[in-house]
Amino acid sequence: MAAAPPLRRTDSARGEFSPLKHFVIAKKKISDVFEQLLGYVKETSEFVEETCENKALEKIASQDQKLEIQSYADKLAIIKEVLARRHMKVAFFGRTSNGKSTVINAMLRDRVLPSGIGHTTNCFLSVEGTDEDKAYLKTEGSEEEKSIKTVNQLAHALHMDESLDAGCLVRVFWPKTKCALLRDDLVLVDSPGTDVTSQLDSWIDKFCLDADVFVLVANSESTLMNTEKHFFHKVNERLSKPNIFILNNRWDASANEPEYMEDVRKQHTDRCVNFLVEELKVVDREQAPNHIFFISAKEVLNSRMQRAQGMPETGGALAEGFQERLREFQSFERRFEECISQSAVKTKFEQHTIRAKQITKNVKTIMDAINIEAAEKRVAALEDREYQIDRLEFVRNQLNLLIDDIKKKIKAISEDVEAKVSDAMGEEICRLHVIVDEFHSDFHPSPHVLKIYKSELLGHVEEGMGKNLAFRCSNAVNASVQSTQQYMMESMLPLLPSVVQSQINMLVPSRKFDLSYDLNCTTVCSDFQENIEFQFSLGWTALVHRFLGSVNAERALKLVDQNFKASRPALPPASTPSSGPPSIAAPPNHETALMTQEDLMVAMATNVASLTSRTSMGVVVVGGVVCKTVGWKLIALSASLYSLLYLYERLTWTTKAKERALKRQFVDFATEKLQLIVTFTSANCSHQVQQEMATTFARLCQQVDQTQKELEAEIRRLTAKIEQLETVQSRSKSLRHKATELEKELEMFTNQYLQPQQ
């Protein structure tokens, strides 16, 4: 037998350093990592779900990514539960009565399982630790905890339960306080003899696939049997290079024949090495001797129980060479603990670690994808916001420039309209007599008929002047208005949204603009009072009007005739057909200054004296000359002519003459009154144009204001989106860094626990 490498003396059962702690520490470490990983994946799942459901982020995270991470969380939760139940498992096999239960008891340093004469294991027994203070067992298919206080009770319970057969499992829970070996997540499985059943395949499937180490307990008093070899060939077919130890039990019998001990040991060793190396091919030839041990489990159990009771280990009847066999058993325990610890860590945690690495890598890839997508969206949003800000600034600046420009244009066209209307109205006032002459209606001097006549005359004048003004001005004004409106629309068009641009004609419909002149002649000429009474052209009143003017004549007549009606308007006397047009020397205008009462009296006296003196002297001179020449006939002729003139004027003062007189009086009166409203009317027309232009511009400005509001709202939306994208980027980076840290921890675990130690 090749010499085994030196071992450091330890005693795991006494709580000293044990290789089994390697598994316990590794289990705690990987459990902590999976706890962190599960929390990380849940955090990532919540983040992806929030991002996916945020419609403003435009599907930065997809539903597939969300479902994928949720599936990882579910898988990790399951793996975490599995890891919590993971333990090291060693299965003991061999023929009936080879001492499998005794070996387990020796390792546990107590009689936990029934063993010895009269006791055979009739089913699979697993021994595992419990934190409770009492021992109990559970049978297969039942969660009932059956209390057991002694080994005899356990043996009795096993033999009395007729439902147990060789393929059943009874789980024995032994207090960890009574057995230190069970404190390290180690489960020991005892089995019926391999020679009692032919259902080896079902045994392997049910109890062996998760075993970390197999211990073949052989009888050193005989050689390996085919039933034992056949079973392990089956195991080797199902598992890839299982860890197998061979214990040649009852080696104390060799003490009776010391001269053959070495030969027998070598013979057993060679057979076991060939079985492991040549037949099973689970180890190489150099390592095979380290898996073969010669022990006496009964001696070790008795020795350890005596020691536990405070008695010497070597007390009692022990065969010669006990210390060497004890050291061999301890060597087995040490090799077994090292092997099962390394094997269990690898078999129990390696695949889960690989799976955790893959999950971490996939989640990190998703975080990278989300981060890249968020970064691209953020850059696009920043560019879009910059464009919107520039457009908003352009709209504001352009609008300010257009407001000034449009105001100037509106002012210019308003002033132009005012000038045009003023000129046109002045011309129409000058030809007012034409409009009046075109008026024809029934005329009679009676007050009722005169009232109707004047009312219709006023309506005719207003309508006629309105039509004439419209003919002169409306087309030009309408063309100017439409031209300005078109200029406004073309100037404002770039500032409007594309949707509004296509509907701008609906926004500002093209229609003809008509000025409303609203002369309101009825009100303006409401105080017109005609004077159609007969007045002789050479009468006293006519002469006073001729010499003093209309205004001063009226005042002079008042002084003379206190009964003169003050309510009559200052109108010239009606002229007869023969008297010609009214006096032009003193028209009723503002050029003739109103005289004071003293000036009026002086003027009257002077004119009358002048007239009287001139007439008297003329009459005297002419009368003298005529009388000498003609005599009284001249006087009679003059009187006759004067009378004929009066009679002619009186006879020709008909209704038509009265109508013509009324029209002439109305033309003079209306001309003066209408001159007063030229400025007002032209200003009113200018205001109408200005209001029309302002209304159109206000509509366009309203749309531009709406554009500005939409741009501001879009900028706010983009700003909020950018902030959200920055948050997504920050969180995805943070989660990615966490994934990197978890990968480091998993890699550290792999290097520390899963890779072969040099």
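The text that follows walks through the structure, step by step, so that each part is easy to find. As the structure is a prediction and not an experimental result, all values here were calculated from the model. (Residues numbered from 1 in each chain as written. Predicted model: local features only at pLDDT ≥ 70, side-chain atom pairs only at ≥ 80, totals over all residues. Heavy atoms only, no water.)

A few words on the pattern of salt bridges. Any two side chains of opposite charge can pair if their charged atoms end up close together. Inspection of every chain in the model, using the stated rule, returns 37 salt bridges. For Asp185, the salt bridge identified is with Lys27, shortest N-O distance 3.3 Å. Here the residue Asp185 occupies a position in the loop between strand E5 (169-175) and strand E6 (186-190), and Lys27 occupies one in helix H1 (residues 20-53), the gap between them amounting to 158 residues. Among the ionic pairs, Lys266 bridges to Asp270, the shortest N-O distance being 3.0 Å. Placement of both Lys266 and Asp270 in helix H7 (residues 261-280) is noted, with a separation of 4 residues, approximately one turn of the helix. Classification of Asp270 by relative accessible area gives partly exposed; the value is 35%. Members of the salt-bridge network, linked through shared partners, are Glu427, Glu428, Arg431 and Arg472. (Salt bridge = Lys/Arg side-chain N within 4 Å of Asp/Glu carboxyl O. Helix = DSSP H or I, 4+ residues; strand = E, 2+ residues; numbered from the N terminus. Buried < 20%, exposed > 50% of the residue type's maximum accessible area, 1.4 Å probe, protein only.)

The buried fraction of strand E8 (residues 243-249) amounts to 6 of the 7 residues, a majority that puts the element mostly inside the structure. Of the crossover connections in this fold, the one passing from strand E7 (residues 213-219) over helix H6 (residues 226-238) to the parallel E8 is right-handed. Relative to strand E9 (residues 292-294), E8 is paired through 3 bridges, and the arrangement is parallel. Opposite Asn248, over in E9, you have Phe294 as the bridge partner. (Right-handed = clockwise from strand over helix to strand, strands pointing away. Pairing = 2+ DSSP bridges.)

The next subject is the pairing of E6. Most of E6 sits inside the fold, with 5 of its 5 residues counted as buried. The alternating pattern of E6 places Leu186, Leu188 and Asp190 on one face and Val187 and Val189 on the opposite face, and all of these are buried. As judged from the 4 bridges shared by strand E1 (residues 88-93) and E6, these two strands associate in the parallel manner. Residue pairing for E6: Val90 is matched across the bridge by Leu188. Bridge analysis of strand E2 (residues 124-130) against E6 gives 3 bridges, and the strand direction is antiparallel. When the bridges of E6 are listed, Val127 appears paired with Leu188.

Another point: the packing of aromatic side chains. One pass over the full model with this rule turns up 19 aromatic pairs. On the basis of an interplanar angle of 35° and a centroid distance of 4.2 Å, the ring pair of Phe93 and Phe231 is categorised as tilted. Of this pair, Phe93 sits in strand E1 while Phe231 sits in helix H6; the two residues are 138 residues apart in sequence, bridging distant segments of the chain. Of the two residues examined, Phe93 and Phe231, each falls in the buried class. A ring pair is formed by Phe443 and Tyr453, whose centres lie 5.0 Å apart and whose planes are at 75°; its orientation type is edge-to-face. Linking Phe443 in the loop between helix H10 (432-437) and helix H11 (447-492) with Tyr453 in helix H11, this pair joins segments that are 10 residues apart in sequence. No difference in accessibility class separates Phe443 from Tyr453, as the two residues are buried. Between the NZ or CZ atom of Lys178 and the centre of the ring of Trp174, over which it lies, the distance is 5.8 Å. It is Lys409 that lies over the ring of Tyr487; its NZ or CZ is 4.6 Å from the centre. (Phe/Tyr/Trp six-rings, centres within 6.5 Å; stacked < 30°, edge-to-face > 60°. Lys NZ or Arg CZ within 6 Å of the ring centre and 35° of its normal.)

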